[in-house]
Number of protein chains: 2
Amino acid sequence: MEEWQPPIANIAVDLVVLTVRQDRLQLLVIERGIDPYQGALALPGGFVQEDEDLPDAARRELHEETQISAASLHLEQLRTYAKPGRDPRGRIVSVAYLALAPNLPTPVGDTDAARAYWMPVHELAGRRLAFDHADIIRDGLERARSKLEYTTLATTFCPELFTLSELRRVYEVVWGVRLDARNFQRKVLSTEGFVVPTGEIRRGEAGRPARLYRRGPAGSLHPPMTAEH
Amino acid sequence: MEEWQPPIANIAVDLVVLTVRQDRLQLLVIERGIDPYQGALALPGGFVQEDEDLPDAARRELHEETQISAASLHLEQLRTYAKPGRDPRGRIVSVAYLALAPNLPTPVGDTDAARAYWMPVHELAGRRLAFDHADIIRDGLERARSKLEYTTLATTFCPELFTLSELRRVYEVVWGVRLDARNFQRKVLSTEGFVVPTGEIRRGEAGRPARLYRRGPAGSLHPPMTAEH
DNA sequence: GAAATAGTGTCTCTAAGACAGTATGCT
DNA sequence: AGCATACTGTCTTAGAGACACTATTTC
């Protein structure tokens, strides 16, 4: 009797890379130059190699497709998508990753197969998206929004040195709300290890110079940051 | 030139099935009867079939291995494990699911290949676990514990009708803490849609009879349930 | 000096946490 | 009668949310 063999599949990673640019939450998208879904928007990603771990594959694909280095960038597994038929090329199981990045330069990944650029998330509505990437983006946005509540991840959207106004803008842009500056400062500064003051001052722009902070060692927020009603 | 083909893998699902029995948090484990890891403890699970979606595979494997029906049971995707070498049989990517169940009968899945039973999670320490299942269990427990905070998932550990004491026991057992009964009742009853009173009373046991409740329509808890310090 | 942004203090109200005694069934 | 469990109310304290003015720079 023949020994039974389990079905086979290809493994891919897809990345939801978010950043805050120009006071808007932006997503890194690929405009597909080849079929399937030629001309549609897609997430950066690709197949996992033999003997390659998933986070390594995510970092490699991001760099290959957009020249963005995953060095100073938060990367976490989001969810796995495996519905039969989600990719017309066959059974492809995609492990999605969520990456949060400080304001990065416009990607230069401009190959024959794909063009990469940042797009404000509110401009995605109505655009044609490849595969089930609309679902993945929705899940990624939801994860990012909820993680800002109970973790210090908002600082990963900021450069190494940042002002409290910049940090507040992150919350306002990601959540689409306005926050009271006084309550926000009180909350952030009273949370042990959220940010650490550097003593430095940012000058050169209009208005009173702002104190610069660096991200602190704390990872979770007790109690959480909340959007006012 | 040959066309490049992406590497192939097998897809599996593994289940972290938790329940509260005998005032203890218990995990559904399989004692493996065959290699690899013969004799070690493992999670129920198996390979995903062709054209099968992941939740369907999870439900099917659970039923095949333990005769437990996944009808009234919360099932959610936990995380995907794909590190090369995690399974000596080859490249196997496992999508783990977390299931929470009310007190279920002892599983009867007792085949030549595996024996299934409930085990209190605190007895897992020091036991030999197959593959990377120790990691999966750790992640599943962490997810379950944190979800009790900000969702109404605790009710999925309870039968259809339950008392507030039973619900409180769920929190106490999963979190390993003691909760003040008065503060707990105030919190639960003041959260719109957490539980709905049925008007029925449970009698027949020692002590004053308790009111019976049913799970309410609310899914998330604002503000969250917290363990007292 | 006008415009722009940073920074600060107080009050109110909600909800968490601590705490003890009464009610109602069972044996 | 005694035991076991269910149920209830108040005080204190922490933190959210609302709110207006002063400080310091650039142009």
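Worth saying up front: this structure is predicted, and the values here are computed from it rather than measured.

1. Comments concerning the protein's contact with DNA strand C
If you check the shell around DNA strand C, you find 24 residues, and the closest are A:Ser165, A:Arg182, A:Arg211, B:Arg182 and B:Lys187. Backbone sugar and phosphate groups make up 52% of those atoms of DNA strand C lying within 4 Å of the protein. Contacts to DNA strand C include A:Ser165, whose side-chain N or O atom sits 2.8 Å from a phosphate oxygen. One nitrogen or oxygen atom from the side chain of B:Thr226 is found 2.9 Å from a phosphate oxygen belonging to DNA strand C. Among the secondary structure elements, those contributing two or more residues to the surface near DNA strand C are helix H4 (181–190) and strand S9 (210–215) of chain A together with helix H4 (181–190) of chain B. Here the surface near DNA strand C takes four residues from H4(B), the largest share from any one element. Residues of the surface near DNA strand C, tallied by class, amount to six nonpolar, seven polar and 11 charged.

2. Looking at the layout of surface pockets
Roughly 2,100 Å³ of internal volume is contained in the largest pocket. Along its surface, the largest pocket is lined by 44 residues, and A:Ser146, A:Lys147, A:Tyr150, B:Ser146 and B:Tyr150 are the ones closest to its centre. Mapped by element, the contributors of at least two residues to the lining of the largest pocket are strand S5 (74–81) and helix H2 (133–150) of chain A together with strand S5 (74–81) and helix H2 (133–150) of chain B. Here the residues of the lining of the largest pocket are counted per class, giving 15 nonpolar, 15 polar and 14 charged.

3. A short note on the packing of helix H3 (residues 164–175) of chain A against H4(A)
Residues and elements named next belong to chain A. Close contact between H3 and H4 brings their axes to 11 Å; oriented N to C, the two are set at 105 degrees. When the axis of H3 is compared with that of H4, the two are roughly perpendicular. The segment H3 lies against H4, with Leu 164, Leu 167, Arg 168 and Tyr 171 engaging Ala 181, Phe 184, Gln 185, Val 188 and Leu 189. Among the residues forming the contact of H3 with H4, the class breakdown is seven nonpolar, one polar and one charged.

4. Examining unusual backbone geometry
Residues other than glycine predominantly adopt negative phi, and peptide bonds predominantly adopt the trans conformation. All names here are of chain B. Residue Asp 35 is joined to Pro 36 through a cis peptide bond whose omega torsion reads -5 degrees. As for its placement among the helices and strands, Pro 36 is situated in the loop between strand S2 (24–32) and strand S3 (41–42). The step from His 222 to Pro 223 runs through a cis peptide bond, and the omega angle for that step is -5 degrees. Along the chain, Pro 223 turns up in the segment after strand S9 (210–215). The phi dihedral of Asp 51 is positive, around 60 degrees, even though this residue is not glycine. As for its placement among the helices and strands, Asp 51 is situated in the loop between strand S4 (45–47) and helix H1 (54–66). With a phi angle near 65 degrees, Gln 67 is a residue other than glycine that sits in the positive phi range. Structurally, the position occupied by Gln 67 is in the loop between H1 and S5.

5. Observations regarding the protein's contact with DNA strand D
Near DNA strand D lie 26 residues; those nearest to it are A:Arg182, A:Asn183, A:Lys187, B:Arg182 and B:Arg211. Among the atoms of DNA strand D lying within 4 Å of the protein, the sugar-phosphate backbone contributes 52%. Within the contact set of DNA strand D, a phosphate oxygen lies 3.0 Å away from a side-chain nitrogen or oxygen of B:Ser165. In this structure, a sugar or linking oxygen belonging to DNA strand D sits 3.5 Å away from a main-chain N or O atom of B:Pro209. The element contributing the most residues to the surface near DNA strand D is H4(A), with four residues.

6. A few points about the interface of chain B and chain A
With 24 residues of chain B in contact, the opposing surface of chain A contributes 24 residues. Of the roughly 2,200 Å² buried at the junction of chain B and chain A (both faces included), carbon and sulfur atoms supply 59%. Inspection of the chain B/chain A interface yields zero salt bridges. There are 11 residue pairs in polar contact (both at pLDDT 80 or more) connecting chain B and chain A. Listing elements by their share of the side of chain B that touches chain A, those giving two or more residues are strand S1 (8–21), S5 and strand S6 (92–101) of chain B. Looking at the side of chain B that touches chain A, the element that brings in the most residues is S1(B), giving four residues. Bridging between strand S1 (residues 8–21) of chain A and S1(B) involves three bridges; their strand directions are antiparallel.

7. A short note on the packing of aromatic side chains
What characterises a pair of aromatic rings is the spacing of the ring centres plus the angle enclosed by the ring planes. Inspection of the entire model under this criterion finds nine aromatic pairs over all chains. Ring centres of A:Trp4 and B:Phe47 lie 6.2 Å apart, and the angle between their planes is 50 degrees; on these two criteria the pair is classed as tilted. Residue A:Trp4 is located in the segment before S1, and its partner B:Phe47 is located in strand S4; the two belong to separate chains. On the basis of relative accessible area, B:Phe47 is assigned to the buried category, the value being 16%.

8. Brief notes about the relation of the copies chain B and chain A
Here chain B sits on chain A after a turn of 180 degrees about the axis and a move of 0.0 Å along it, with an RMSD of 0.0 Å. Between the two chains, the operation in question is that of a two-fold axis. When C-alpha distances to the rotation axis are compared across chain B, the minimum falls at B:Ala9, with a value of 2.7 Å. With an isologous cut-off of 70% or more, the 100% of interface residues of chain B that recur at the interface of chain A puts this contact in the isologous class.

9. Overview of the pattern of salt bridges
All chains considered together, the criterion is met by 32 salt bridges over all chains. Taking the shortest distance from any N to any O, the salt bridge between A:Glu160 and A:Arg214 comes out at 2.8 Å. Within this pair, whereas A:Glu160 is found in the loop between H2 and H3, its partner A:Arg214 is found in strand S9, the two being separated by 54 residues in sequence. Between B:Asp139 and B:Arg138 there is a salt bridge, and its shortest N-O distance comes to 2.9 Å. When its relative accessible area of 17% is taken as the criterion, B:Asp139 is described as buried. Given the relative accessible area of 46%, B:Arg138 is considered partly exposed. Taken together, the shared-partner salt bridges in this structure form one network comprising A:Asp23, A:Arg168, A:Arg169 and A:Glu172.

Calculation rules
- Residues numbered from 1 in each chain as written.
- Chains lettered and ligands numbered in written order.
- Predicted model: local features only at pLDDT ≥ 70, side-chain atom pairs only at ≥ 80, totals over all residues.
- Heavy atoms only, no water.
- Near = heavy atom within 4 Å.
- Polar contact = N/O pair within 3.5 Å; in protein donor to acceptor, adjacent residues only side chain to side chain.
- Helix = DSSP H or I, 4+ residues; strand = E, 2+ residues; numbered from the N terminus.
- Nonpolar A, V, L, I, M, F, W, Y, C, P; charged D, E, K, R; others polar.
- 1 Å grid on protein atoms, 1.4 Å probe; cavity = no way out; pocket = protein on both sides within 12 Å on 5 of 7 lines; lining within 4 Å.
- Points joined across faces, edges and corners; volume = space filled by probe spheres on them.
- Axes fitted to C-alpha atoms, helices over the stretch in contact; angles between N-to-C directions.
- Parallel < 35°, antiparallel > 145°, perpendicular 65-115°, else oblique.
- Contact = heavy atoms within 4.5 Å.
- Buried area = accessible area lost by both parts, 1.4 Å probe.
- Salt bridge = Lys/Arg side-chain N within 4 Å of Asp/Glu carboxyl O.
- Pairing = 2+ DSSP bridges.
- Phe/Tyr/Trp six-rings, centres within 6.5 Å; stacked < 30°, edge-to-face > 60°.
- Buried < 20%, exposed > 50% of the residue type's maximum accessible area, 1.4 Å probe, protein only.
- Least-squares fit on C-alpha atoms with pLDDT ≥ 70 in both.

As far as function goes, none of this settles anything; it's purely spatial.
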